[in-house]
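What follows is each chain in one-letter form.
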Amino acid sequence: MLDRMNISRRLGVSFIVLNVVAAAVMAACGVSLAIISSVTAKNSESQDILADVLALETSLLRQNSQLRGFLVTADPSYLKSYYEGRDDYDRASRELEQQLADPRMVGLVRESREATLKWRADWGDKYVALVKAGQRDAAQEAIRRAGKKVLVSDAVNPLREVRDAQHEAILTQSKTQESVIFWGWVALALGGTILIGLALVLARALSQSIAHPIVALTRATAR
(Lines give C-alpha, C1' and ligand atoms only; values in the text may rest on other atoms or scores of the structure.)
Protein backbone atom coordinates (compact mmCIF):
# COMPACT_ATOMS: atom_id res chain seq x y z
CA MET A 1 0.00 0.00 0.00
CA LEU A 2 2.86 2.38 0.83
CA ASP A 3 4.31 1.84 -2.64
CA ARG A 4 1.27 3.51 -4.22
CA MET A 5 1.67 6.72 -2.13
CA ASN A 6 4.02 9.65 -2.46
CA ILE A 7 6.73 10.17 0.18
CA SER A 8 4.89 12.75 2.28
CA ARG A 9 1.78 10.57 2.44
CA ARG A 10 3.82 7.51 3.35
CA LEU A 11 5.41 9.35 6.26
CA GLY A 12 2.05 10.74 7.36
CA VAL A 13 0.34 7.34 7.37
CA SER A 14 3.22 5.76 9.29
CA PHE A 15 3.14 8.55 11.87
CA ILE A 16 -0.65 8.19 12.32
CA VAL A 17 -0.45 4.41 12.75
CA LEU A 18 2.26 4.69 15.39
CA ASN A 19 0.31 7.36 17.26
CA VAL A 20 -2.91 5.33 17.19
CA VAL A 21 -1.15 2.32 18.69
CA ALA A 22 0.60 4.50 21.29
CA ALA A 23 -2.74 6.13 22.19
CA ALA A 24 -4.37 2.71 22.59
CA VAL A 25 -1.58 1.60 24.96
CA MET A 26 -1.89 4.83 26.96
CA ALA A 27 -5.66 4.45 27.13
CA ALA A 28 -5.39 0.89 28.44
CA CYS A 29 -2.87 1.98 31.09
CA GLY A 30 -5.02 4.99 31.96
CA VAL A 31 -8.10 2.82 32.49
CA SER A 32 -6.08 0.46 34.68
CA LEU A 33 -4.79 3.35 36.78
CA ALA A 34 -8.29 4.79 37.14
CA ILE A 35 -9.66 1.44 38.34
CA ILE A 36 -6.75 1.00 40.75
CA SER A 37 -7.32 4.51 42.11
CA SER A 38 -11.03 3.81 42.59
CA VAL A 39 -10.41 0.48 44.33
CA THR A 40 -7.76 2.07 46.56
CA ALA A 41 -10.22 4.76 47.62
CA LYS A 42 -12.87 2.14 48.40
CA ASN A 43 -10.34 0.10 50.37
CA SER A 44 -9.38 3.18 52.37
CA GLU A 45 -13.05 3.86 53.10
CA SER A 46 -13.59 0.27 54.20
CA GLN A 47 -10.54 0.49 56.46
CA ASP A 48 -11.91 3.66 58.08
CA ILE A 49 -15.28 2.00 58.65
CA LEU A 50 -13.59 -1.07 60.08
CA ALA A 51 -11.59 1.10 62.49
CA ASP A 52 -14.79 2.80 63.69
CA VAL A 53 -16.52 -0.56 64.18
CA LEU A 54 -13.60 -1.83 66.27
CA ALA A 55 -13.70 1.41 68.29
CA LEU A 56 -17.41 0.84 68.96
CA GLU A 57 -16.84 -2.74 70.08
CA THR A 58 -14.01 -1.64 72.35
CA SER A 59 -16.09 1.11 73.93
CA LEU A 60 -18.97 -1.31 74.59
CA LEU A 61 -16.70 -3.82 76.28
CA ARG A 62 -15.11 -0.99 78.20
CA GLN A 63 -18.47 0.16 79.53
CA ASN A 64 -19.31 -3.37 80.64
CA SER A 65 -15.96 -3.99 82.34
CA GLN A 66 -15.85 -0.59 84.05
CA LEU A 67 -19.39 -1.07 85.36
CA ARG A 68 -18.33 -4.33 87.01
CA GLY A 69 -15.22 -2.70 88.44
CA PHE A 70 -17.28 0.11 89.92
CA LEU A 71 -19.79 -2.33 91.41
CA VAL A 72 -17.01 -4.26 93.13
CA THR A 73 -14.86 -1.38 94.37
CA ALA A 74 -16.98 1.79 94.14
CA ASP A 75 -13.75 3.41 92.90
CA PRO A 76 -14.60 6.66 91.03
CA SER A 77 -11.81 5.95 88.50
CA TYR A 78 -13.92 3.07 87.12
CA LEU A 79 -16.86 5.39 86.83
CA LYS A 80 -14.78 7.97 84.96
CA SER A 81 -13.66 5.33 82.47
CA TYR A 82 -17.27 4.09 82.15
CA TYR A 83 -18.49 7.52 81.11
CA GLU A 84 -15.56 7.98 78.70
CA GLY A 85 -16.43 4.67 77.04
CA ARG A 86 -20.04 5.76 76.77
CA ASP A 87 -19.09 9.08 75.16
CA ASP A 88 -16.67 7.35 72.78
CA TYR A 89 -19.41 4.98 71.67
CA ASP A 90 -21.93 7.77 71.04
CA ARG A 91 -19.45 9.78 68.98
CA ALA A 92 -18.11 6.84 66.94
CA SER A 93 -21.64 5.53 66.33
CA ARG A 94 -22.76 8.84 64.80
CA GLU A 95 -19.63 9.08 62.66
CA LEU A 96 -19.98 5.49 61.45
CA GLU A 97 -23.61 5.95 60.45
CA GLN A 98 -22.65 8.98 58.34
CA GLN A 99 -19.92 7.02 56.54
CA LEU A 100 -22.07 4.06 55.58
CA ALA A 101 -23.97 4.10 52.28
CA ASP A 102 -25.52 0.63 52.49
CA PRO A 103 -28.96 0.87 54.18
CA ARG A 104 -28.50 -2.59 55.68
CA MET A 105 -25.23 -1.56 57.35
CA VAL A 106 -26.84 1.63 58.64
CA GLY A 107 -29.66 -0.47 60.06
CA LEU A 108 -27.18 -2.69 61.91
CA VAL A 109 -25.44 0.33 63.46
CA ARG A 110 -28.80 1.69 64.62
CA GLU A 111 -29.73 -1.72 65.98
CA SER A 112 -26.49 -1.73 67.98
CA ARG A 113 -27.22 1.77 69.28
CA GLU A 114 -30.73 0.83 70.38
CA ALA A 115 -29.38 -2.24 72.19
CA THR A 116 -26.69 -0.10 73.81
CA LEU A 117 -29.19 2.47 75.07
CA LYS A 118 -31.37 -0.33 76.41
CA TRP A 119 -28.36 -1.90 78.18
CA ARG A 120 -27.52 1.40 79.79
CA ALA A 121 -31.09 1.89 80.97
CA ASP A 122 -31.49 -1.70 82.24
CA TRP A 123 -28.00 -2.25 83.62
CA GLY A 124 -25.22 0.31 83.18
CA ASP A 125 -26.64 3.66 84.26
CA LYS A 126 -29.23 2.01 86.49
CA TYR A 127 -26.75 0.16 88.68
CA VAL A 128 -24.22 2.99 88.66
CA ALA A 129 -26.96 5.14 90.19
CA LEU A 130 -27.78 2.35 92.67
CA VAL A 131 -24.15 2.19 93.87
CA LYS A 132 -24.02 5.98 94.12
CA ALA A 133 -27.13 5.79 96.32
CA GLY A 134 -25.26 3.52 98.73
CA GLN A 135 -26.86 0.23 97.64
CA ARG A 136 -23.76 -1.48 96.30
CA ASP A 137 -24.58 -4.88 97.84
CA ALA A 138 -28.02 -4.88 96.24
CA ALA A 139 -26.50 -3.89 92.89
CA GLN A 140 -23.91 -6.65 93.08
CA GLU A 141 -26.54 -9.25 93.93
CA ALA A 142 -28.74 -8.13 91.04
CA ILE A 143 -25.84 -8.37 88.60
CA ARG A 144 -24.93 -11.85 89.86
CA ARG A 145 -28.50 -13.06 89.42
CA ALA A 146 -28.71 -11.56 85.94
CA GLY A 147 -25.83 -13.70 84.64
CA LYS A 148 -25.48 -13.37 80.86
CA LYS A 149 -28.30 -10.86 80.64
CA VAL A 150 -25.95 -8.09 81.72
CA LEU A 151 -23.57 -8.74 78.81
CA VAL A 152 -23.45 -6.34 75.85
CA SER A 153 -23.78 -9.11 73.23
CA ASP A 154 -26.98 -7.68 71.72
CA ALA A 155 -25.13 -4.44 70.99
CA VAL A 156 -21.90 -6.08 69.80
CA ASN A 157 -23.35 -8.71 67.44
CA PRO A 158 -24.76 -6.25 64.84
CA LEU A 159 -21.38 -4.50 64.77
CA ARG A 160 -19.66 -7.79 64.06
CA GLU A 161 -21.85 -8.19 60.98
CA VAL A 162 -20.71 -4.76 59.79
CA ARG A 163 -17.11 -5.71 60.55
CA ASP A 164 -17.38 -8.98 58.62
CA ALA A 165 -18.93 -7.16 55.66
CA GLN A 166 -16.02 -4.71 55.58
CA HIS A 167 -13.48 -7.53 55.77
CA GLU A 168 -15.21 -9.19 52.82
CA ALA A 169 -15.30 -5.92 50.88
CA ILE A 170 -11.59 -5.31 51.49
CA LEU A 171 -10.77 -8.86 50.35
CA THR A 172 -12.86 -8.52 47.18
CA GLN A 173 -11.44 -5.08 46.36
CA SER A 174 -7.88 -6.30 46.92
CA LYS A 175 -8.43 -9.17 44.50
CA THR A 176 -9.86 -6.75 41.94
CA GLN A 177 -6.86 -4.48 42.37
CA GLU A 178 -4.42 -7.37 41.89
CA SER A 179 -6.26 -8.46 38.74
CA VAL A 180 -6.28 -4.94 37.28
CA ILE A 181 -2.57 -4.50 38.02
CA PHE A 182 -1.80 -7.81 36.31
CA TRP A 183 -3.79 -6.96 33.19
CA GLY A 184 -2.35 -3.45 33.19
CA TRP A 185 1.14 -4.93 32.99
CA VAL A 186 -0.02 -7.30 30.25
CA ALA A 187 -1.47 -4.39 28.27
CA LEU A 188 1.71 -2.38 28.73
CA ALA A 189 3.98 -5.25 27.70
CA LEU A 190 1.81 -6.29 24.76
CA GLY A 191 1.24 -2.73 23.59
CA GLY A 192 4.92 -1.88 23.90
CA THR A 193 5.88 -4.98 21.95
CA ILE A 194 3.35 -4.19 19.22
CA LEU A 195 4.50 -0.57 19.09
CA ILE A 196 8.17 -1.48 18.77
CA GLY A 197 7.43 -4.22 16.21
CA LEU A 198 5.25 -1.88 14.19
CA ALA A 199 7.91 0.83 14.26
CA LEU A 200 10.48 -1.64 12.94
CA VAL A 201 8.14 -2.90 10.20
CA LEU A 202 7.23 0.63 9.12
CA ALA A 203 10.86 1.71 9.19
CA ARG A 204 11.78 -1.22 6.93
CA ALA A 205 8.83 -0.61 4.64
CA LEU A 206 9.60 3.10 4.37
CA SER A 207 13.25 2.33 3.75
CA GLN A 208 12.36 0.00 0.94
CA SER A 209 9.72 2.24 -0.59
CA ILE A 210 11.68 5.50 -0.34
CA ALA A 211 15.38 4.76 -0.19
CA HIS A 212 15.48 2.04 -2.86
CA PRO A 213 13.87 4.14 -5.60
CA ILE A 214 16.24 7.00 -4.77
CA VAL A 215 19.24 4.64 -5.01
CA ALA A 216 17.93 3.27 -8.31
CA LEU A 217 17.41 6.82 -9.63
CA THR A 218 20.93 7.80 -8.57
CA ARG A 219 22.39 4.81 -10.36
CA ALA A 220 20.37 5.49 -13.50
CA THR A 221 21.49 9.09 -13.47
CA ALA A 222 25.11 8.04 -13.04
CA ARG A 223 24.85 5.71 -15.98
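These numbers were taken from a predicted model, which means no experiment stands behind them.

### Let's talk about the pattern of salt bridges
Close approach of charged atoms allows side chains of opposite charge to pair.
Part 1: Under the counting rule described, the total for this entry stands at 15 salt bridges.
Part 2: We note a salt bridge from Arg-62 to Glu-84, for which the minimum N-O separation is 2.6 Å. You can see Arg-62 sitting in helix α1 (residues 7–73) and its partner Glu-84 sitting in helix α2 (residues 76–99), a full 22 residues away along the chain.
Part 3: For Glu-84, a relative accessible area of 31% puts it in the partly exposed group.
Part 4: The closest approach of N and O atoms between Arg-145 and Glu-141, which form a salt bridge, is 3.7 Å.

### With respect to the packing of aromatic side chains
Part 1: For the structure shown, the criterion picks out 3 aromatic pairs.
Part 2: An angle of 65° between the planes, with centres 5.4 Å apart, marks the rings of Tyr-82 and Tyr-83 as edge-to-face.
Part 3: We classify Tyr-83 as partly exposed; its relative accessible area is 26%.
Part 4: Geometrically, the ring pair formed by Trp-123 and Tyr-127 is stacked, given 5.7 Å between the ring centres and 15° between the ring planes. In this pair, Trp-123 and Tyr-127 both sit in helix α3 (residues 103–132), 4 residues apart, roughly one turn of the helix. There is no split in this pair, since Trp-123 and Tyr-127 are both buried.

Thresholds, definitions, all that
- Residues numbered from 1 in each chain as written.
- Predicted model: local features only at pLDDT ≥ 70, side-chain atom pairs only at ≥ 80, totals over all residues.
- Heavy atoms only, no water.
- Salt bridge = Lys/Arg side-chain N within 4 Å of Asp/Glu carboxyl O.
- Helix = DSSP H or I, 4+ residues; strand = E, 2+ residues; numbered from the N terminus.
- Buried < 20%, exposed > 50% of the residue type's maximum accessible area, 1.4 Å probe, protein only.
- Phe/Tyr/Trp six-rings, centres within 6.5 Å; stacked < 30°, edge-to-face > 60°.

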